[in-house]
Each structure stands twice: as C-alpha cells, then as structure tokens.
Amino acid sequence: MKHKTFFWFFLPTALAMFLFIAMPIVSVVLQSFYTPHDAVISIVENCGPFGCKQETMIDQAATAELREAEPLGKFVGLQIYVDRGHLALAELSQAWGASSGLRDFVSRLGNLPLYRALGFTLTYTFLVTPLLIILGFMIALGVNSLHRHLKGLVIFFSLLPMIVTPLIGSLILFWMIDSRGIVGSALQWIAGDPDLSLKASTGLTWIMLIVYGVWHAAPFAFVVFYAGLQTLPKDTLESAMIDGATRWQQTRYVVIPHIMPLVTFVALIQLMDNFRVFEPIVGFNASAHATSLSWIIFNDLGGETRLLSSAATSSVLTIIGVSILLSPVLVRTWRDFNQKT
Amino acid sequence: MSVKAQRRSTGLSLFIYGFIALWLFLAAFPFLWTLWGSFKVELDFFSIADWTNAITGERTQEVYGRPFTGAGYEGAWIKEEFWRAAINTTLVCVFVVCTSLTIGTLGGYALSRSGYRYTFWLLLIALIFRAMPPITLVSGYLLPFFEWNLWGILPTTIVVLVAINQPFTLWMLHSFFQKIPKDLDESARVDGCTQFQAFRHVIIPVMWPGVITTGLFSFLLAYNDFAVTSMLLAKENQTMVPKIASFLGTTQTEGNVMFAVAAVVSATAPLFVLVMFFQRQIVSGLTAGAVKG
C-alpha cells in the first residue's frame, strides 16, 4: 500500500487517538506541574466616622482575571509530587528516622494516602493474577473432559462473571455478603459470631476484594486455556500414556508446557488490568479499608472541589506504574515482530 | 480415543463433576439470587430474621398480598427515571460501536495491508494506549472540556469512548484482516480498482465475522464503562452504570436499595441476552489475541 493511501485510511483513527489519548496524557503531565491560583488579596483602608481601619479583602475581579489569563494555574514544578498526598518525601524520611523497625515503618506508611493505595493495588495485582490463572486452568481442564453437550452450557454460565459490568458484579456480591445477606449470614453462622461483618475489618475487606477479582477474571483465563487445550498434540499425549505416565504426569509434562505461552499471555494482560482495579472498591464501598491508585484519582476528580492538579499528579504516577508492568509486553511484541520479518 | 488407558477412574470423574458444579454455582448463583430477590421488599432481600424469607418472600406477602412485587422496578424505572439512563446508554452504545467500527476497519485494514515498518510502531503505540487506565486520561479531559463548554453532554462522551476503544479495535481488526488473503484485494487492484474500491467491493463483503466480534467488545466497553461516563456526564445525561452508582448514595431511606437492586438486574439482562446469542463470537474474540501471541 502506498504511503498516501495508507495515510488517508489511517487518518480518522489516528486523529481520534491523538486528540483523545495522546493529548490528554500531555495535558495530564502539564497539569501535574501547576496548582490553582491563590485568591488575590488586597488590603483596603476603610475610613468611616470612627477612624480608619485596614481590611484584607479578596479581590474577586483580579482573581477571576488571573484565572482567566492562565487557566492552568501557577507553576510549582515538582512540588505536588512530593507533597503529603503523593510521594510525601518529607514524611517518608521522617517516618524512616522515627520508626523503630521495618514493621513500624510500614504501618507509618499506611497513613500516607498514596502508599496506602499502592500497597493495596500491588497486593491485589500480585495475588489475584496467579490465583485466577490457577482457577482458570482448573476450570479449563474440567470443562475439557465434560461431555460435549454440557460444554456449551458451562461456557455460557462461566462467561457471566467476566461479561457483567464490574461495578454491577461487585454490587451483586456486595449485597450477598452484607451481614443481612445470604453469604454474610451464612458466614456468621459458620463462625458462630453474630456480629461478624466483612465490611468492618480491613483484612476481610481485602480478602473480599481479592475473591471478587478472581471471580471476575478467572473466566478470561478459562476461555484462553480452553482454546489452548483444543490444540493439544494428541501424539505426544498418547506416547506419554504408552510410556506409562499417570494422569498427573501427563498434565504436568505435556499439558502445562503446551499451555505455558498462553499462561504468560494471560499473566501479562491481567497484571495490567488488575493494576487499574477501581470499580470493585466503589461497588463494595470499601474505600475506608482499601484504596487503589485509580480510586485516588477518581476521588480527587469527583465531588465539588475537583482537585485537578492532585489527580493529574496521581495519574502520572499511575501511568509510570503501568509502564513498568507494560514493558515485558512490549519486549515480547518486539521479539515476535522481529522473528516474523 | 476410547482406549482403556484414557478412561477415568470413578473418583476422578466425581471430583471433576463436583468441581465444575461448584464453579457453575459460584458463577451463576449470585445472578439468579439477585434476580429472585429483586421482586421482594428490602426486609426480605436483606433478611435479619430468617434467610429463607428471601426465597419465600414472607414480608412481601404481608405488604403486597403476594410473594412477588414489581415495586423496585417501578420505583427505579418510573420514580427515579431509570428509563432516561437506559435511553442514554442505548445512544452511547449505538454511536460508539458504529463510529469505532467504521474508523477502526479503515485503520485496521490499512495496517494489515501496508508492509512498511511504521505499521509496527503504530501498533506498538496502540498497545501502549490500550494499557492506559481510562481514569488517568479523565483528569486530562476535564480542564479543556470545562473551558470549551463540552462537559456533561453525550456527544463528548461518545467521542471519548470511541477514542479509548480504538487501540483495542485496531489490534483485533488488524489480526482479522491479516487472515483474509492478500491476493483477494490485490487481484482487484490488478483489475483496475483503486485501493478504496478494492476495500469496498472485495473486503467489505467478507469481513463481517471479524467486525461483529470486534463490535461486541466495543459494545461491552461502552456499556460497562464507569470511570469515563461518571466523570464526563452531567446528572441529567447519566448512563445506566453511573446512575446505579448514584442510587447507592441515597440508600438510607427504605426501599431505595430495592431500586438499586432492580436497576442492577435491568442492566444485567441485556448482557445475558448478548452472551446467549454471541457466545461463540465472544469466545473466539477472547482467544484471537492469545492464540496468535
């Protein structure tokens, strides 16, 4: 295809991505270096019958004018990055100096919003991803050995947790684990503690969110692995059987090596997707116990105040985090492409 | 392969069936339970006294004289004007799917037919864009949208969702178009067609399976989005998902929770139908990327 034809074919999609993905990223980075203008304060001398008084007033007109002239705000460089709401370098070094040990230091970190969110986000990402791969693989193995009439039905129901809107899925589970809901009261009955509430404790909230994450993403792993199982080399499996391999050995030495590239694929995709965990925190109303990086941004943007600069800074930090997780994917794509050509 | 060695022991069979049954229960039960409960009053749905009330609907019987009530649905759809949100969602989804497929097919086709190295870089950039969490982009949108008075209306959200959709659409359609043999449009070119005519008369008639699969995923993205729609739409233009989230803010008064439950069930129903009819396409779409990579 000629360059010119390619250009015209590609223009609309390139324009959309440039204007609404590339530019916003630039805008977010810029925004993170600016903070809104302070109100302009002027001192006016007010003279009345009882003598003169000096009054401090907010000069509304001048403030509006300044905000109009520079809508981005005042340039502050990296100041927002190091403030308490973000990297909190001052608090960090203070905590390091004051803390008695590693455990104490970590608990002090928990008071800083960004580190708290980072803690949950990373725990969630690195627990959910392996768990969903294991569960997905087990379901795939199980479904693969079913009778073929049953398979369609099982696949239909298995897809549901993944297809359903994350917010809606988490709400449905949230209502069930409510202390008056069916799972909640069942757990109370099992634990023999009528006051048990999953929502009240940080540990249980984390477990709940992780269980949701696995429930939501396991179908994806299942479908991918199931497709992989369809292309399983029959001869290898047969020769393994003739050599006397047990069922477990067949799975361990034939099936798993065959599936391995797909495991890498699912792991890379899911690491990136789990890193942006957000909707379940809103759905489970869990922000008192667990926050994620995306949730911090959402929280800054929402409400009356709309802390754009703070949100922009958190966004930049999140993008840096995503880039780190993305780098192995890029390397892989790069290698694939070079192999092909 | 019905060799004897392949046959399973009874214990293993039982284990497999048990495991699959357990998984099916985990996957389907929450939806069935909520569907059943959405026709009850709150005191049955959240039952302190006896969990079987949620099945038999004892309190619902007391209030309405029968074990089922559509009160939650009536409250959500009529009193809280959920129909408005449903219309907005329909508009957003239709326009997002159509626009993103139109420009995505052109782009994906071009990527698959151009042999130059820049196509690889474009795909790589698209992959990077695909990885960006939408919420991080939102803080970049707000300031310019406020400045230019674009905030809060449906068209803005549609355009934003189309753009966010593009990287994924491009990757998917690119791999579908690569499976269509190049000879097809090349022979049309030899016969004197321009590139666009070749696309129009030769490729378009055979591309529908891939386009439908991609369209399904575009639909899901637009339908399921919460971060963008809740931030970019004014209250009166909200789509279903942010609307449901806003129900939750006002759960204090009795009955309101049931509005949310009814709304949740209403919003899940289209997805059920979608999976029922397009199961094969969804599965093939999910595996397309995997098997290739």
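Residues numbered from 1 in each chain as written. Chains lettered and ligands numbered in written order. Predicted model: local features only at pLDDT ≥ 70, side-chain atom pairs only at ≥ 80, totals over all residues. Heavy atoms only, no water.

Asks: Even after reading the chapter, I still don't get the overall build of chain A, so can you show me in this structure?
Replies: Of the regular secondary structure elements, chain A holds 15 helices and 4 strands. Here the C-alpha atoms of chain A give a radius of gyration of 27 Å, more than 25% beyond the 20 Å that 2.2 N^0.38 yields for 341 residues. Along the longest, intermediate and shortest principal axes, the C-alpha atoms of chain A span 110 × 75 × 40 Å. Of all 341 residues assigned to chain A, the portion counted as buried reaches 48%. (Helix = DSSP H or I, 4+ residues; strand = E, 2+ residues; numbered from the N terminus. Rg over C-alpha atoms; globule rule 2.2 N^0.38 Å. Buried < 20%, exposed > 50% of the residue type's maximum accessible area, 1.4 Å probe, protein only.)

Asks: Would you explain the pattern of salt bridges in this entry?
Replies: Pairs can form between side chains of opposite charge whenever their charged atoms are close. Residues and elements named next belong to chain A. This model, assessed by the stated rule, comprises 6 salt bridges over all chains. A salt bridge links R108 to D104; its shortest N-O distance comes to 3.2 Å. You can see R108 and its partner D104 sitting in helix α5 (residues 102-109), 4 residues apart, about one turn around the helix. When its relative accessible area of 32% is taken as the criterion, R108 is described as partly exposed. Under the relative-accessibility criterion, D104 is labelled partly exposed at 24%. (Salt bridge = Lys/Arg side-chain N within 4 Å of Asp/Glu carboxyl O.)

Asks: What exactly am I supposed to notice about the packing of helix α1 (residues 3-31) of chain A against helix α8 (residues 134-147) of chain B here?
Replies: Relative to each other, α1 of chain A and α8 of chain B sit at 85°, their axes nearing to 8 Å. Considering their axes alone, α1 of chain A and α8 of chain B lie roughly perpendicular with respect to each other. When α1 of chain A is examined against α8 of chain B, the residues F20, I21, P24, I25, S27, V28 and Q31 of chain A are found in contact with a partner set consisting of T136, L137, S139, G140, Y141, L143 and F145 of chain B. Here the contact of α1 of chain A with α8 of chain B is composed, by residue class, of 9 nonpolar, 5 polar and no charged. (Axes fitted to C-alpha atoms, helices over the stretch in contact; angles between N-to-C directions. Parallel < 35°, antiparallel > 145°, perpendicular 65-115°, else oblique. Contact = heavy atoms within 4.5 Å. Nonpolar A, V, L, I, M, F, W, Y, C, P; charged D, E, K, R; others polar.)

Asks: Would you mind showing me how to read the packing of helix α10 (residues 182-190) of chain B against helix α11 (residues 195-203) of chain B here?
Replies: Helix-helix packing is characterised by the crossing angle of the two axes and by the distance between the axes. Residue and element names in this part refer to chain B. As a packed pair, α10 and α11 sit with axes 9 Å apart at the nearest point and diverge in direction by 125°. As judged from the angle between their axes, α10 and α11 are oblique. Between α10 and α11 lies a crossing whose hand is right-handed. Across the interface between the two elements, L184, D185, A188 and R189 of α10 pack against Q195, A198, V202 and I203 of α11. Of the residues assigned to the contact of α10 with α11, the class counts are 5 nonpolar, 1 polar and 2 charged. (Left-handed = near helix turned anticlockwise from the far one by under 90°.)

Asks: Please clarify how the confidence of the model for chain A should be interpreted in this entry.
Replies: Residues with a pLDDT of 70 or more make up 99% of chain A, whose mean pLDDT is 87. Between the elements of chain A, mean pLDDT differs from a low of 76, seen in strand β3 (residues 51-58) of chain A, to a high of 94, seen in helix α6 (residues 113-144) of chain A. (pLDDT = per-residue confidence, 0-100.)

Asks: How should the interface of chain B and chain A be read in this particular structure?
Replies: Frequently, the measure chosen for interface size is the accessible area removed from exposure when the parts meet. With 105 residues of chain B at the interface, the matching set in chain A holds 96 residues. Across the chain B/chain A interface, buried area totals approximately 9,200 Å², and carbon plus sulfur atoms make up 80% of it. Linking chain B with chain A are 1 salt bridge, by the criterion used here. Across the pair D273 of chain A and R130 of chain B runs a salt bridge whose closest N-O atoms are separated by 3.7 Å. Our count for the chain B to chain A interface comes out at 12 residue pairs in polar contact (both at pLDDT 80 or more). Taken together, the residues that form the side of chain B that touches chain A break down as 79 nonpolar, 18 polar and 8 charged. (Buried area = accessible area lost by both parts, 1.4 Å probe. Polar contact = N/O pair within 3.5 Å; in protein donor to acceptor, adjacent residues only side chain to side chain.)

Asks: Can you help me understand a nonpolar patch on the surface in this one?
Replies: Residues and elements named next belong to chain B. A cluster of nonpolar side chains, namely W83, I87, L91, V94 and F95, defines an oily patch on the protein surface of about 450 Å² accessible area. Mapped onto the elements of the fold, I87 is located in helix α6 (residues 82-113). Classification of I87 as partly exposed rests on a relative accessible area of 43%. (Patch = residues over 30% accessible without salt bridge, like charges linked within 9 Å, V, L, I, M, F, W, Y side chains within 5 Å. Areas by Shrake-Rupley, 256 points an atom, 1.4 Å probe, with all protein chains shown as cover.)

Asks: Even after reading the chapter, I still don't get unusual backbone geometry, so can you show me in this structure?
Replies: Peptide bonds are mostly trans, and most non-glycine residues show a negative phi. For A88 of chain A, which is not a glycine, the phi torsion comes out positive at approximately 50°. With respect to the secondary-structure elements, A88 of chain A resides in the loop between α3 (79-82) and α4 (89-98). If you check the backbone angles, E81 of chain B has positive phi at about 55° while not being a glycine. Of note, E81 of chain B is situated in the loop between α5 (71-79) and α6.

Asks: Would you mind showing me how to read the domain arrangement of chain A here?
Replies: All names here are of chain A. Along its sequence, chain A is organised into domain 1 (126-275 + 282-287) and domain 2 (292-341). For domain 1 and domain 2, the distance between their C-alpha centres works out to 25 Å. Taken together, the contact between domain 1 and domain 2 spans 10 residues of the former and 10 residues of the latter. Buried area between domain 1 and domain 2, both sides added, is near 910 Å², and the carbon and sulfur share of it is 83%. Taken as a group, L268, M272 and F275 account for 62% of the area that domain 1 buries against domain 2, more than any other trio of residues on that side. Here domain 1 is connected to domain 2 by 0 residue pairs in polar contact (both at pLDDT 80 or more). Sorting elements by how many residues they give to the side of domain 1 that touches domain 2 places helix α12 (residues 247-275) first, with 7 residues. Residues of the side of domain 1 that touches domain 2, tallied by class, amount to 8 nonpolar, 2 polar and no charged. (Domains from an automatic or database assignment.)

Asks: What exactly am I supposed to notice about the environment of L171 of chain A here?
Replies: Mapped onto the elements, L171 of chain A comes out in helix α8 (residues 166-177). It is 5.0 Å that separates the C-alpha atoms of L171 of chain A and G283 of chain A, two residues lying 112 residues apart in sequence. Not counting residues up to four positions away in its chain, the partners in contact with L171 of chain A are G283 of chain A together with I244, L248 and V264 of chain B.

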